[in-house]
Amino acid sequence: YYIQNLFNLKAGRWILEELRLKEYFLILRKRMWIIIFSVILCIVISGVFSYFVLAPEYQTFTTLMIGKPKSYGNIDNKLEYNDLLLSQRLVSTYGELVKMRVVVDEVIGNLELDISYKDFREKVNVNLVKDTEIIKLEVRDRDPVLATEIANETARVFMHNVKDIMMVENVKIIDKAQVPDIPIKPKPKLNMAIASVLGIVIGVFLVFLLEYLDSTIQTPDDVERYLDLPVIGIIPMIEENKEDLR
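The following paragraphs examine the structure supplied in this document. Note that the structure is a prediction, hence the values are computed from the model and not measured.

### Brief notes about the pattern of salt bridges
- The final tally for this structure, using the stated rule, is seven salt bridges.
- Between R31 and E211 there is a salt bridge, with the nearest N and O atoms lying 2.7 Å from each other. Of this pair, R31 sits in the loop between helix 1 (2-30) and helix 2 (32-53) while E211 is found in helix 7 (residues 188-213), placing the two residues 180 residues apart along the sequence.
- Among the residues examined, R31 registers a relative accessible area of 14% and is labelled buried.
- A salt bridge links D141 to K123; the nearest nitrogen and oxygen atoms lie 2.3 Å apart. Of this pair, D141 sits in strand 3 (residues 134-141) while K123 sits in helix 5 (residues 117-123), and the two are 18 residues apart along the sequence.
- With a relative accessible area of 7%, D141 lands in the buried category.
- Residues participating in the shared-partner salt-bridge network are K30, R31 and E211.

### Looking at the packing of aromatic side chains
- Tallying each qualifying case throughout the model produces one aromatic pair.
- On the numbers, 5.9 Å between centres and 80 degrees between planes, the contact of Y24 with F208 is edge-to-face. Of the two residues, Y24 is situated in helix 1 and F208 in helix 7; the sequence distance between them amounts to 184 residues.
- Look at Y24 and you get partly exposed, because its relative accessible area is 39%.
- Across from the ring centre of Y117, 4.0 Å away, lies the NZ or CZ of R101, which sits over that ring.
- One residue, K136, lies across the ring of F61, its end atom 4.3 Å from the ring centre.

### Comments concerning the packing of helix 4 (residues 101-111) against helix 6 (residues 144-165)
- Contact geometry for helix 4 and helix 6: axes closest at 9 Å, N-to-C directions at 135 degrees. Taken together, the axis directions place helix 4 and helix 6 in an arrangement best described as oblique. Two packed elements cross with a definite hand, and for helix 4 against helix 6 that hand is right-handed. Judged by residue contacts, V102, V103, E106, V107, N110 and L111 of helix 4 engage E149, I150, E153, T154, R156, V157, F158, N161 and I165 from helix 6.
- Across the contact of helix 4 with helix 6, the residue classes break down as eight nonpolar, three polar and four charged.

### A few points about the packing of helix 2 against helix 7
- Interaxial distance between helix 2 and helix 7 falls to 7 Å at its minimum, and their mutual angle equals 150 degrees. Considering their axes alone, helix 2 and helix 7 lie roughly antiparallel with respect to each other. As helix 2 packs across helix 7, the resulting crossing turns out to be right-handed.
- Residue composition of the contact of helix 2 with helix 7, grouped by class: 15 nonpolar, eight polar and no charged.

### Quick word on the nonpolar core
- Core analysis: the biggest nonpolar cluster contains 26 residues, and L64 and F158 have the highest contact counts within it.
- Going through the elements one at a time, strand 1 (58-67), helix 3 (81-97), helix 4, strand 2 (124-128), strand 3 and helix 6 are the ones with two or more residues in this core.
- Residue contributions to this core peak at eight residues, all from helix 6.
- Those residues in contact with L64, other than ones at most four positions away along the chain, are E133, I134, I135, L137, A155, F158, M159, V171, K172, I173 and I174.
- Within the second largest apolar cluster, five residues are counted, among which are I27, I34, I35 and V39.

Parameters and conventions
Residues numbered from 1 in each chain as written. Predicted model: local features only at pLDDT ≥ 70, side-chain atom pairs only at ≥ 80, totals over all residues. Heavy atoms only, no water. Salt bridge = Lys/Arg side-chain N within 4 Å of Asp/Glu carboxyl O. Helix = DSSP H or I, 4+ residues; strand = E, 2+ residues; numbered from the N terminus. Buried < 20%, exposed > 50% of the residue type's maximum accessible area, 1.4 Å probe, protein only. Phe/Tyr/Trp six-rings, centres within 6.5 Å; stacked < 30°, edge-to-face > 60°. Lys NZ or Arg CZ within 6 Å of the ring centre and 35° of its normal. Axes fitted to C-alpha atoms, helices over the stretch in contact; angles between N-to-C directions. Parallel < 35°, antiparallel > 145°, perpendicular 65-115°, else oblique. Left-handed = near helix turned anticlockwise from the far one by under 90°. Contact = heavy atoms within 4.5 Å. Nonpolar A, V, L, I, M, F, W, Y, C, P; charged D, E, K, R; others polar. Core = buried A, V, L, I, M, F, W, Y, C linked by side-chain atoms within 4.5 Å.

See below:
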């Protein structure tokens with residue numbers, strides 16, 4: 001008996017939830033044009049900003065390997081593990097030296113750049129390649145040619161200064177920066193995809209908001225729900241034919 005009542009209770013809840021889902025679906029279908037319009041509007045706005053408003057930004061990079069010749073091997077050309085670990089720990093220090101004022105000011109002067117020290121630091125980023133003695137120097141700028149020049153000149157100036165500051169004997173440029181062809185941002189397709197999702201969210205919100213503010217009685221269910229009155233009958237709408245009236 002108790003099991004049957006519990007089953008009936010769960011079945012009733014399931015039916016109520018299903019009815020609510022159907023009601024929500026009908027609400028969305030009734031004002032589906034709002035959701036479609038919201039999605040199209042968001043995609044158009046995102047596309048306009050991505051293609052015509054936001055300036056493209058390019059990124060290029062150069063890689064450097066830093067170490068001491070004697071740290072790479074002994075007389076038998078065998079790798080000394082402790083020296084290698086020391087060089088890897090020093091890579092973090094080298095990454096900060098790239099952005100030192102002595103390096104930045106020289107690069108700005110050599111390239112005759114009209115930017116401040118702070119702006120230069122924002123353009124340049126140093127990443128450490130894990131478990132290696134390699135640092136990756138990345139530069140971002142709206143001008144791809146200028147970004148390449150900054151990357152290569154920064155690497156050259158850094159090589160000259162790090163030998164005097166850290167007494168490092170060998171600093172090698174593995175890859176020189178190349179002029180990028182494709183900007184890293186904005187990404188129109190990604191922006192428009194995100195905008196479409198945002199448009200759906202906004203559209204659904206507006207649909208339920210309008211439904212909440214709508215106090216008119218439109219269906220027989222509304223009569224029973226809001227007026228607590230039984231529906232005796234329904235008079236259907238009949239379109240008048242003008243020819244028949246004549």
